[in-house]
Amino acid sequence: MADRVLVIGSGGREHALAWKLAQSPHVKHVYVAPGNAGTADNGKISNSAVSVSNHAALAQFCRDQEIRLVVVGPEVPLAAGIVDDLTAAGVRCFGPTAKAAQLESSKSFTKAFLDRHEIPTARWKSFSDPKAACSFINSANFPALVVKASGLAAGKGVIVASNKEEACKAVTEIMQDKTFGTAGETVVVEELLEGEEVSCLCFTDGVTIAPMPPAQDHKRLMDGDEGPNTGGMGAYSPAPQISKDLLEKIRDTILQKTVDGMRKEGVPYFGVLYAGLMLTKDGPKVLEFNCRFGDPECQVILPLLKSDLYEVMQVVINKKLSSSMPVWFEDSAAVTVVMASEGYPGTYPKGLEITGLPKAKQLGLEVFHAGTALKDGKVVTSGGRVLTVTAIKEDLMTALQEANKGVAAIHFKGAIYRKDIGYRAIAFLRQSRGLTYKNSGVDIAAGNTLVQKIKPLAAATSRSGCNAELGGFAGLFDLKAAGYEDPILVSGTDGVGTKLKIAQACKKHDTIGQDLVAMCVNDILAQGAEPLFFLDYFACGKLDVEVAEGVIAGIAEACKKAGCALLGGETAEMPGMYPPGEYDLAGFAVGAVERGQMLPQLERIADGDVVIGVASSGVHSNGYSLVRKIVEKSSFDFSSPVGVSGDQTLGDLLLTPTKIYSKTLLPVLRSGHVKAYAHITGGGLLENIPRVLPESFGVILDALTWKIPEIFCWLHKEGNLSEEEMTRTFNCGIGAVLVVQKELAQQVLKDIQRHEAAWLIGKVVSLQKGSAHVKVHNLLRALQANRSLSVHSHIQGKIQTNKVKVAVLISGTGTNLEALINSTKKPTSFAQIVLVVSNKAGVEGLRKAERAGIPTRVIDHKLYESRTEFDSAVDKVLEEFSVELICLAGFMRILSGPFVKKWEGKILNIHPSLLPSFKGANAHKLVLQAGVRVTGCTVHFVAEEVDAGAIIFQEAVPVKVGDTVETLSERVKEAEHRAFPAALQLVASGAVQVGEAGKIYWK
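Rules behind the numbers
- Residues numbered from 1 in each chain as written.
- Predicted model: local features only at pLDDT ≥ 70, side-chain atom pairs only at ≥ 80, totals over all residues.
- Heavy atoms only, no water.
- Helix = DSSP H or I, 4+ residues; strand = E, 2+ residues; numbered from the N terminus.
- Buried < 20%, exposed > 50% of the residue type's maximum accessible area, 1.4 Å probe, protein only.
- Contact = heavy atoms within 4.5 Å.
- Areas by Shrake-Rupley, 256 points an atom, 1.4 Å probe, with all protein chains shown as cover.
- Lys, Arg positive; Asp, Glu negative; His and termini not counted.
- Charge placed at Lys NZ, Arg CZ, Asp CG, Glu CD.
- Pairing = 2+ DSSP bridges.
- 1 Å grid on protein atoms, 1.4 Å probe; cavity = no way out; pocket = protein on both sides within 12 Å on 5 of 7 lines; lining within 4 Å.
- Points joined across faces, edges and corners; volume = space filled by probe spheres on them.
- Nonpolar A, V, L, I, M, F, W, Y, C, P; charged D, E, K, R; others polar.
- Phe/Tyr/Trp six-rings, centres within 6.5 Å; stacked < 30°, edge-to-face > 60°.
- Expected span 1.5 Å × (residues − 1).
- Bend = angle between axes of the 7 residues up to and from the residue.
- Axes fitted to C-alpha atoms, helices over the stretch in contact; angles between N-to-C directions.
- Parallel < 35°, antiparallel > 145°, perpendicular 65-115°, else oblique.
- Left-handed = near helix turned anticlockwise from the far one by under 90°.
- pLDDT = per-residue confidence, 0-100.

Enquirer: Kindly report on the overall build of the protein, identifying the contributing residues and their values.
Expert: Secondary structure summary: the protein contains 32 helices and 43 strands in total. Dimensions of the protein, computed from the C-alpha atoms along their principal axes, are close to 115 × 85 × 50 Å. Across the 1003 residues of the protein, 54% fall into the buried class. Taking contacts inside the protein between residues at least 6 apart in sequence as the whole, the part at least 24 apart equals 74%. When the accessible area of the protein is evaluated, it comes to approximately 43100 Å², of which 51% is carbon and sulfur surface. Positive and negative charge centroids in the protein, built from 107 and 108 side chains respectively, lie 2 Å apart.

Enquirer: An account of the sheet that holds strand β15 (residues 234–237) is needed here, citing residue identities and associated values.
Expert: Backbone-to-backbone hydrogen bonds join strands into a sheet, with any given pair of strands oriented parallel or antiparallel. The sheet built from 5 strands is open, its strands ordered β12-β15-β18-β22-β19 with antiparallel pairing. Strand pairing shows two members of the sheet lacking a second neighbour, β12 (216–217) and β19 (366–369), which therefore form its edges. Pairing analysis gives 4 bridges linking β15 to strand β18 (residues 333–340), with the strands arranged antiparallel. If you follow A235 over to β18, its bridge partner there is T336.

Enquirer: Pulling in residues and values, what's your account of empty space enclosed by the protein?
Expert: Scanning the entire structure with this criterion turns up 2 cavities of 30 Å³ or more. Of the voids in this model, the largest cavity is the one considered here, and its volume is about 70 Å³. In terms of lining residues, the largest cavity is bounded by 13 residues, among which V72, F94, V272, R292 and F293 are the most central. Listing elements by their share of the lining of the largest cavity, those giving two or more residues are β4 (67–72) and β16 (271–280). Residues belonging to the lining of the largest cavity are distributed by class as follows: 9 nonpolar, 3 polar and 1 charged. A total of 4 residues in the lining of the second largest cavity trace back to one element, the largest contributor, which is helix α6 (residues 107–116). Class assignment for the residues of the lining of the second largest cavity results in 2 nonpolar, 1 polar and 5 charged.

Enquirer: Break down the packing of aromatic side chains for me, citing the residues and quoting the values.
Expert: Counted under the stated rule, the structure contains 14 aromatic pairs. Taken together, a centroid distance of 6.5 Å and an interplanar angle of 20° make the contact between F203 and W328 stacked. On the criterion of sequence distance, the pair formed by F203 in strand β10 (residues 196–204) and W328 in the loop between α11 (309–317) and β18 is long-range, its members being 125 residues apart. With respect to class, F203 is no different from W328; both count as buried. Seen from their ring centres, F477 and F533 are 5.7 Å apart, and the 35° between their planes marks the pair as tilted. With F477 in the loop between α15 (444–459) and β23 (487–495) and F533 in strand β24 (residues 530–540), this pair connects stretches of sequence that are 56 residues apart. Exposure class is identical for F477 and F533. Each is buried. An aromatic cluster is built from F94, F203, F293 and W328, whose rings are joined through pairwise contacts.

Enquirer: Tell me about α15, and please be specific about residues and values.
Expert: Between its first and last C-alpha atoms α15 spans 22 Å; for 16 residues at 1.5 Å apiece the expected length is 22 Å, and the two agree. The largest bend in α15 comes to about 30°, at K453, with the proline P456 one to four residues further on. All buried positions along α15 are accounted for by A446, L450, I454 and A458. The inward-facing, buried residues of α15 abut α18 (545–562) and β25 (565–573).

Enquirer: An account of the pairing of strand β9 (residues 187–190) is needed here, citing residue identities and associated values.
Expert: Burial along β9 is two-sided: the face carrying V187 and V189 and the face carrying V188 and E190 are both buried. Both strand β6 (residues 124–127) and β9 contribute to a ladder of 4 bridges, which runs antiparallel. In the sheet register, W124 faces β9, and the bridge partner there is E190. Two elements, strand β7 (residues 146–149) and β9, share 4 bridges in a ladder whose sense is antiparallel. When the bridges of β9 are listed, V147 appears paired with V189.

Enquirer: If you had to explain the packing of helix α17 (residues 512–524) against α18 to someone new, which residues and values would you point to?
Expert: The contact between α17 and α18 brings their axes to 6 Å, and the two run at 40°. The orientation of α17 with respect to α18, classified from their angle, is oblique. Our pair here, α17 against α18, has a crossing hand that is right-handed. Along its contact with α17, which presents I512, G513, Q514, L516, V517 and V521, the element α18 presents V551, G554, I555, A558, C559, K561 and A562. The class makeup of the residues in the contact of α17 with α18 is 9 nonpolar, 3 polar and 1 charged.

Enquirer: Mind laying out the confidence of the model for the protein, listing which residues take part and the relevant values?
Expert: As a general rule, the predicted coordinates of low-pLDDT regions are not to be interpreted in detail. For the protein, per-residue confidence averages 91 on the pLDDT scale, and 96% of positions sit at 70 or higher. Low pLDDT, under 50, characterises residues 788–794; the predicted model gives this stretch 10 contacts beyond four residues in sequence or across chains.

Enquirer: Can you lay out unusual backbone geometry for me, pointing to particular residues and giving the numbers?
Expert: In the segment running from Y344 into P345, the intervening peptide bond is cis, with an omega of 10°. Tracing the backbone shows P345 in the loop between β18 and α12 (357–362). Cis geometry marks the peptide bond from L915 to P916, where omega comes out at 15°. One can find P916 in the loop between β39 (907–911) and α31 (923–930). Its identity is not glycine, yet E118 carries a phi of approximately 55°, on the positive side.

Given below as structure tokens:
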């Protein structure tokens, strides 16, 4: 069941709140008290005449109308304790208590609070005596030119004087002439700060804060900030003057400190906290706090909110904001322009007819009413600020242009409005500022942070000959100190290949470093060389320090295993070269071998020599392009659980790091008994062994002599690979081979087996003309034998039993049916499609189901007199097949109320937009007309109201410049093919379910 909500207030802010709340599938109806013409009978929104000042009557109204949430818009009811009284009466409210609202209702309280908690603000003093205030103005050692009424004055109680005489005059007007009534019984005199004024708002549950995009209001009546002060003539968001770093500083030093301070003082603050700030040369300083959304800031901030506002407010009230932080539309800007009555902010006429509202709506703009009323079926003026016109576009300039078009389309006599809203931001963006390296995407500071983090990791790899200190232009290595007398230097370089793709997909970066080191040091062992030092190269489009640190920590740890020093490296941040989240690696190893111990010793190799194979740990780091293609075509993905216990994923298995052989094999290689060593790397068994043999020799291997890891058996079977493809691409379980004299083979094997699994796997033979250099006998038998070793294959995955039975209802091709079938065919699926039902015969969707071996039924809706009868026939067939869940895949019939009620929480549908936006038909057309930059698809439970059920899963799709309905539709369909199966698995697994009142619950 959806809820009823009550919004308190009558301005543009309250219209915007009601508009955003009404978009929630959790909201059945929004009442606005007292509201305006824009909130009167507007879809899910209507006005209420209930008294908002009589809190007892208001609480009774909430009980009578089953109001589940009250949202308080203006400051006066908050200061009057509306939240305290309604909460005490058992009504849930969004907003701070009266005591917490003192941050706005008492300027003197706020200034003292800021001082107590060392939150930056202007120097100040409060006064209840006008003479004392004027004396302070004249004697202060700073420009004490800002005079504020301490109480609430509808956003107009601040006077910024140009000199001391004007400031004293303001004190007299406020305190003696009572310009702002009782709000001016106490005044605060402040230092005049210089800089840019901005608004930074956040949601808070008393502990966590969630900042909103910063905004800027325009207080003066006329263009160029001329004329009298007003409640606000327009706003825009986000404010480009506030960089990400500055917003973070404001969050930490102002917003979070304020919330923490209120909590420490025993007055926890819940709701929206609005900080009016001045960006001074000394940093941001607080001008004032508001304890609610600003008006007109609300009208530009809420359109940028991607999350469900109702859900955000609920997690704030439930003190669970940290578990569900709001998400905002990026790469979008909003501008709102206020249209005011002639004479505002003084006296003004009322009852003037307003025309052109539908035209503004046709332009794709949002018009939020403020001082409007309905009279004889017409919308007329009834206040100073009449309405706001809001445009949401990809940049501020375009948004301002569109908002001004909307203003030009709306007419009422004497309308006043500004045409330069956002002019400061546009000037800021047009400034000829020198570019920086960081502007271009290279963050030197992040690079320096990374160096400091990895210095101790490198230092831990120090060895004789090298202290492994990073930071110099080059690294030094002392061969003499390492014990060499007549050394030959040996170098090797390699990468990790597309194994990186799996690491990045699995977000597992701690093992890939060992692969990099192993590929290089195992290569130089072929010359008999001891690895001495290692250099790495890490390249990315945008440096993620945490990821890079994880990779390099793995490199450093592997260097210790290999016995070499991590002597240096290069981190290359190259914007545009790599997509977000991707990086590449290269490694360089340098080793040494005494001149007389170099390998291979080709002249010693003879017919009959024995080949010893040393076990690999798995696929190592070669052949991953083929591996990825096999996984892609299989019924598995990298997250599929494998093994009997299912405690490891296929991705984890494939990321098993490459073995490092240097420490274990080097003593054997130096013994003089080994004639050649080959690292089985790219090219597999077939291409690597010949690299260490004379031209006239080859080898014959017997695959039955060693244990082939089951991952190779699975790859062979799943990819339907030939024996040649297996041996030319993969190591097949042998990471390195050694060639030794037959008489010494057993002794060398024993020495190796002290540290590594190894086998006698073949022999050296004289090569016949035209014969292959490497022959592998019995490979197919070995692959099959190893696969049959375990009845429950290690690579089977965690097969789900007792799968949820699913029926798919279609009307034609069965949009998304194929994706659902493929998903449920996987052994790890929690769902099984047991039936496909169509209301039309002979359609392609039925053929798809039949090809997949799924039973089908045709129930022609034309044969039934009513929807209820048709649905009853469908229901009967569903019961016949014991169906537990229903998926609608292009089903073109509206289901009846009784059917939906019976199957509540068990019917899934997909809609081609990011609900709650663009409901109903023609979603793509509406998206393009609205000019939004992001759309997508939504999988939701079916409710009686169309496209209003609880949302299960969403995937965003960017709207590209030049998109047509057809091109956008194609890209959204691709997203649907991913989203629908994902949502089905979530529901079938029990991770998502619908509880009471149609609310969604996650386990």
